[in-house]
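# Structural characterization, general
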Amino acid sequence: FVVASLPVTTPQQKSIAVPIKVYGTLEYDTRAAGSISARVSGRIEKLYLRYRYQEVSAGEKIMDIYSPELVTAQQNLLFLLKSDADNTSFINAAKQKLLLLGMSEAELNEVIKKGEPLYKVSVYSNYSGHVHDAGMSNDVGANEMNNDAPVTQELSLKEGMYVQKGQTLFMIMSHHQAWAALQIFPNEQSLVKKGDM
C-alpha cells in the first residue's frame, strides 16, 4: 500500500532579499532650508515671486519694498554728506546702517550719486531652491476648497501688503537633496538593516 507521497527537498543556507511594502513621502532636506525675513517694516511695492514651488536663485531680486525707516536713514546720510562731509566716521556709520537694513551697495551708491533717497528698495534672495509660503495665514476663504494645482497656487504674500521687521516672508527649500521618509510597520522593522536598498 502507498501510505503517502511527500515531495522532499534538500535544505540550503543562503541570504534571500525579502521586499516589503511601506508608505512614505519624499521630503526636502530641512538642513538646507533658508528663510527670508523682512529687515525693515514697510509695504511691498512689487513682488517678483508669484507661485509656490517657483524656482529662485541666490542673488535674484524677489521684491521691492517701501519703508519709511529706510527713507529716513537715507535722508540722514544725505544730510551728513551735505552739511558735514568731513565727518567720515558718522558717514560710514550711516552707510553701514543702510547696508544692514538690506540696501545693496549699488543702491547706496545711486543714492549718494543722485543726492535723493530711493523710495523703493530691492530685496534679494540669499538662497537657491523652491519658494514655499512661510506659514502666513490666508485671507478670507482659506477654509474653502482650493481647486488649483499645488504648483500653481499663489503665495499668500501680495503686492500692497505691509510686513513687519523680522517677519519671515518666504521659505526657500533646496532641491539638490531629498529624503524618503518611510513608515515601516513594527512587525517588519526587524527585516530592515542599515545599508539595505
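Read on for an overview of the structure. Residue numbers run consecutively from 1 along every chain, following the written order of its sequence. For this predicted model, a pLDDT threshold of at least 70 governs which residues receive local features, and a threshold of 80 or more governs which side-chain atom pairs are given and counted, while totals over whole chains, interfaces and linings are taken from all residues. Water and hydrogen atoms play no part in the side-chain values, which are based on all heavy atoms of the structure.

Moving on: the overall build of the protein. The secondary structure listing takes helices from DSSP runs of H or I that are at least 4 residues long and strands from runs of E that are at least 2 residues long, numbered from the N terminus. Counting its regular elements, the protein contains three helices and ten strands. N-terminal to C-terminal, the α/β element order of the protein is β-β-β-β-β-α-α-α-β-β-β-β-β. With the radius of gyration taken over C-alpha atoms, the globule rule is written as 2.2 Å times the number of residues to the power 0.38. By the compact-globule yardstick of 16 Å for 197 residues, the protein is too spread out, its C-alpha radius of gyration being 29 Å. Once the C-alpha set of the protein is aligned to its principal axes, its extents read approximately 120 × 40 × 20 Å. Counting the 197 residues in the protein, one finds 27% classified as buried. Values of accessible area rely on a 1.4 Å probe in the Shrake-Rupley scheme; residue burial ignores everything except the protein chains shown. Working note: accessible area of the protein is about 14,100 Å², and carbon and sulfur atoms make up 53% of it. Side chains of the protein give 19 positive and 21 negative charges; the mean places of these two sets differ by 4 Å. Categorising residues by exposure relies on relative accessible area from a 1.4 Å probe, with only protein chains included: less than 20% of the type maximum marks a residue as buried, more than 50% marks it as exposed, and the intermediate range marks it as partly exposed. Only four residue types enter the tally: Lys and Arg on the positive side, Asp and Glu on the negative side, with His and both chain ends excluded. We put the charge of a Lys on NZ, of an Arg on CZ, of an Asp on CG and of a Glu on CD.

Any two side chains of opposite charge can pair if their charged atoms end up close together. A side-chain nitrogen of Lys or Arg and a carboxyl oxygen of Asp or Glu constitute a salt bridge if their distance falls within 4 Å. For the structure shown, the criterion picks out five salt bridges. For the salt bridge of E159 with R50, the shortest nitrogen-to-oxygen distance reads 2.9 Å. Linking E159 in the loop between β7 (129-133) and β8 (162-163) with R50 in the loop between β3 (42-47) and β4 (55-56), this pair joins segments that are 109 residues apart in sequence. Using a relative accessible area of 36% as the deciding quantity, one classes E159 as partly exposed. Taking the shortest distance from any N to any O, the salt bridge between K165 and E69 comes out at 3.2 Å. Of the two residues, K165 sits in the loop between β8 and β9 (168-173) while E69 sits in helix α1 (residues 68-83), which places them 96 residues apart along the sequence. For K165, a relative accessible area of 48% translates into the label partly exposed. The partly exposed category is assigned to E69, whose relative accessible area is 28%.

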